[in-house]
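Summary of the model geometry
Residue-level listing of the chains:
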Amino acid sequence: MTETTWVDGAAGSLYDLDNLPYAVFSDATQDEPRLGVRIGDHVLDLGAAARELRPEWAPLLDVAALNPLMAAGPETWAAVRSWVNDLLSDESNRERVTLHPIADVVTHLPFEVADYVDYYASEHHATNVGRIFRPDGDALLPNWKHLPVGYHGRAGSIVVSGTDIHRPAGQRKAPSDDGPTYGPSQRLDIEAELGFMVGRSVPLGQRVGTGEFAETVFGVTGVNDWSARDIQAWEYVPLGPNLAKSFATSVSAWVTPLAALDAARIDLPEQEVPVLPYLEESNATTYDIDVEVELNGVVVARPPYRTMYWSPAQMLAHLTVNGASLRVGDFYASGTISGSEKDQRGSFLELSWGGKEPFVLDGEERSFLQDGDEVVLRYSAPGARGGRIGLGEVRGRILPTL
Ligand code: CA
């Protein structure tokens, strides 16, 4: 890729031609949401460009969700990306396309979510949580290195970055309490994760192998899996999280296509326990994505995605190994990203060690989220042009219980 973009300020930025993420946006003058592509600090109006220049693609691009493009398959994904690259690198297109300053647009949930599964793929996170929740038992349960543990989340409460989050209420019972009480969560937390969007339908009974990742997954988003730890600790035995997670899950407005992450592919850390054949991969890879967790404007952690134990392809293969179907818009998330170091932990549960070791923010001791707090997760990765690409942000502010 040697072309240079004609868009002012975009060359060398986090949103240069090697990135080109998608969003669904609207602007002040035309309020029908449609697809856009980010270039520098601008949004290319992809819906309008398709309408005027490639009408055969308008049903995929001049629409309010990424699902039709995702369903069109990998050859079309590559063709559209190549066309967008041409539009933004050939100066003769300057007068043919519309760019909106990013500050002037509103972004929407970028895809219609079908089913949602949340994994638990970080060994450091699972070990930390095991030690905090089950201090007298083994940190990792016996199944953990044999399969990517996960649970089915709630697709309908996935919201786009920027959506305010009302503090959930529910049942909670501390070990010292006589019985449960109902009320606002006192231990509201974040989980910094990465999410994968499925762009392919597969019928019941047809398994998807680890080698089919690139033709099945369209792209990635940042994810904040908001979690009410007090509700979770009381409800999760023996079937796992339910209401502690289902009140809201935030995703980034910008969807990074897998093609933009080619330069970020790295070897998966070695798995010391052999896996069953359906989880085996030749040349298992993962992504070298850096995450920043910001609380009220201060970076409090830098979780590294490269340290995750299970690969994105293994999590995909596990989804269908029982014969379950896939639908376009299915979404699976990695689970909390935590590295080996204390300042690499992707949840406040771990950063404050269950509230026992509060961390200091602006001179104040903090453990869990307070009303008015704002959390921003930022993601970046190596790009194909030698610099870095931005994967957008996941922003959310905590409001009191409704
Ligand atoms: Ca999670």
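**Points about the overall build of the protein**
- Secondary structure assignment for the protein yields 9 helices and 26 strands.
- Taken over the C-alpha trace, the protein has a radius of gyration of 21 Å; the compact-globule value for 402 residues is 21 Å, and the two agree within 12%.
- Seen through its C-alpha atoms, the protein measures out along the principal axes to roughly 70 × 50 × 35 Å.
- Relative to its full complement of 402 residues, the protein shows a buried share of 55%.
- A sequence separation of at least 24 residues applies to 71% of the contacts in the protein between residues at least 6 apart.
- In the protein, which carries 32 positive and 57 negative side-chain charges, the distance between the mean positions of the two groups comes to 3 Å.

**With respect to the environment of Val105**
- Tracing the backbone through its elements, the reader meets Val105 in strand S5 (residues 105–108).
- Owing to a relative accessible area of 13%, Val105 belongs among the buried residues under this scheme.
- Separated by 20 residues in the primary sequence, Val105 and Asn85 have C-alpha atoms spaced 21 Å apart.
- With sequence-adjacent residues up to four places away left out, Val105 is seen in contact with Phe25, Ser26, Asp27, Val43 and His100.

**Considerations on the sheet that holds S5**
- An order of S4-S3-S2-S1-S5 is seen for the 5 strands of this open sheet, with the pairing classed as antiparallel. Of all strands in the sheet, those with a lone pairing partner are strand S4 (99–101) and S5, marking the two edges. Going from strand to strand, the sheet's axes swing by 45 degrees on average, the running direction of each strand aside.
- Sheet topology note: the strand S2 (residues 34–39)/strand S3 (residues 42–45) ladder contains 4 bridges and is antiparallel. For Val37, the partnering residue across the bridge sits in S3 and is Leu44.

**What to know about the pairing of strand S26 (residues 388–399)**
- As defined by bridge partners, strand S9 (residues 165–166) adjoins S26 across 2 bridges and the pair is classed as parallel. Following the sheet pairing, Ile165 is matched in S26 by Ile398.
- Bridging between strand S25 (residues 374–382) and S26 involves 8 bridges; their strand directions are antiparallel. When the sheet's bridge partners are listed, Glu374 is paired in S26 with Arg397.

**A word on the packing of aromatic side chains**
- In the structure shown here, the tally under the stated rule is 12 aromatic pairs.
- Measuring from ring centre to ring centre gives 5.6 Å for Trp57 and Trp83, while their planes differ by 70 degrees; the resulting arrangement is edge-to-face. Of this pair, Trp57 sits in the loop between helix H1 (46–53) and helix H2 (58–61) while Trp83 is found in helix H4 (residues 74–89), placing the two residues 26 residues apart along the sequence.
- Trp83 sits in the buried class, given a relative accessible area of 10%.
- Here the basic side chain of Arg54 rests over the ring of Trp57, its NZ or CZ set 4.0 Å away from the ring centre.

**Comments concerning the coordination of the calcium ion**
- Around the calcium ion, the protein contributes the donor atoms Asp118 (OD), Glu191 (OE), Glu193 (OE) and Asp225 (OD), at 2.2 to 2.3 Å from the metal centre.
- In the primary sequence, the donor residues of the calcium ion line up as D-x72-E-x1-E-x31-D. Of this pair, Glu193 sits in strand S13 (residues 192–198) while Asp225 sits in the loop between strand S14 (217–224) and strand S15 (227–228), placing them 32 residues apart in sequence. Residues Glu193 and Asp225 agree in their burial class; the two are buried.

**Some remarks on the pairing of strand S6 (residues 116–119)**
- Side chains Tyr116 and Asp118 project from S6 onto one buried face, and the interleaved Val117 and Tyr119 project onto a second face that is buried too.
- In the sheet, S6 pairs with strand S22 (residues 331–333) via 3 bridges, with the strands oriented parallel. Note that in S22 the partner of Val117 across the bridge is Tyr332.
- Looking at chain direction, S6 and strand S7 (residues 150–152) are connected through 3 bridges and run antiparallel. Paired with Tyr119 across the bridge in S7 is Gly150.

**A closer look at the packing of H1 against H4**
- Packing of H1 against H4 brings their axes to within 12 Å, and their N-to-C directions diverge by 95 degrees. Between H1 and H4, the crossing angle belongs to the class labelled roughly perpendicular. Contacts between H1 and H4 involve Leu46, Ala49, Ala50 and Leu53 on the former and, on the latter, Trp83, Val84 and Leu87.
- Tallied by class, the residues present in the contact of H1 with H4 amount to 7 nonpolar, no polar and no charged.

**Topic: the domain arrangement of the protein**
- Examined at the domain level, the protein breaks down into domain 1 (22–108) and domain 2 (116–399).
- For domain 1 versus domain 2, the separation of C-alpha centres amounts to 29 Å.
- Taken together, both faces of the contact between domain 1 and domain 2 bury some 1400 Å²; the carbon and sulfur share is 74%.
- Considering only the side of domain 1, the residues that lose the most area to domain 2 are Tyr22, Met70 and Trp77, jointly responsible for 42% of the buried surface there.
- The tally of links from domain 1 across to domain 2 stands at 1 residue pair in polar contact (both at pLDDT 80 or more).
- The biggest single contributor to the side of domain 1 that touches domain 2 is helix H3 (residues 67–71), with 4 residues.
- Across the side of domain 1 that touches domain 2, the residue classes break down as 11 nonpolar, 4 polar and 2 charged.

**Some details on helix H5 (residues 123–133)**
- Turning to H5, its buried residues are His125, Ala126, Thr127, Asn128, Val129, Gly130 and Ile132.
- Where H5 is buried, its residues touch helix H9 (348–351).
- A distance of 3.4 Å separates the backbone nitrogen of His124 from a side-chain oxygen at the start of H5, and that oxygen is part of Ser122.

Reading guide: rules and limits
- Residues numbered from 1 in each chain as written.
- Predicted model: local features only at pLDDT ≥ 70, side-chain atom pairs only at ≥ 80, totals over all residues.
- Heavy atoms only, no water.
- Helix = DSSP H or I, 4+ residues; strand = E, 2+ residues; numbered from the N terminus.
- Rg over C-alpha atoms; globule rule 2.2 N^0.38 Å.
- Buried < 20%, exposed > 50% of the residue type's maximum accessible area, 1.4 Å probe, protein only.
- Contact = heavy atoms within 4.5 Å.
- Lys, Arg positive; Asp, Glu negative; His and termini not counted.
- Charge placed at Lys NZ, Arg CZ, Asp CG, Glu CD.
- Pairing = 2+ DSSP bridges.
- Axes fitted to C-alpha atoms, helices over the stretch in contact; angles between N-to-C directions.
- Phe/Tyr/Trp six-rings, centres within 6.5 Å; stacked < 30°, edge-to-face > 60°.
- Lys NZ or Arg CZ within 6 Å of the ring centre and 35° of its normal.
- Donors = N, O, S within 2.8 Å, 3.2 Å for Na, K, Ca; no water.
- Parallel < 35°, antiparallel > 145°, perpendicular 65-115°, else oblique.
- Nonpolar A, V, L, I, M, F, W, Y, C, P; charged D, E, K, R; others polar.
- Domains from an automatic or database assignment.
- Buried area = accessible area lost by both parts, 1.4 Å probe.
- Polar contact = N/O pair within 3.5 Å; in protein donor to acceptor, adjacent residues only side chain to side chain.

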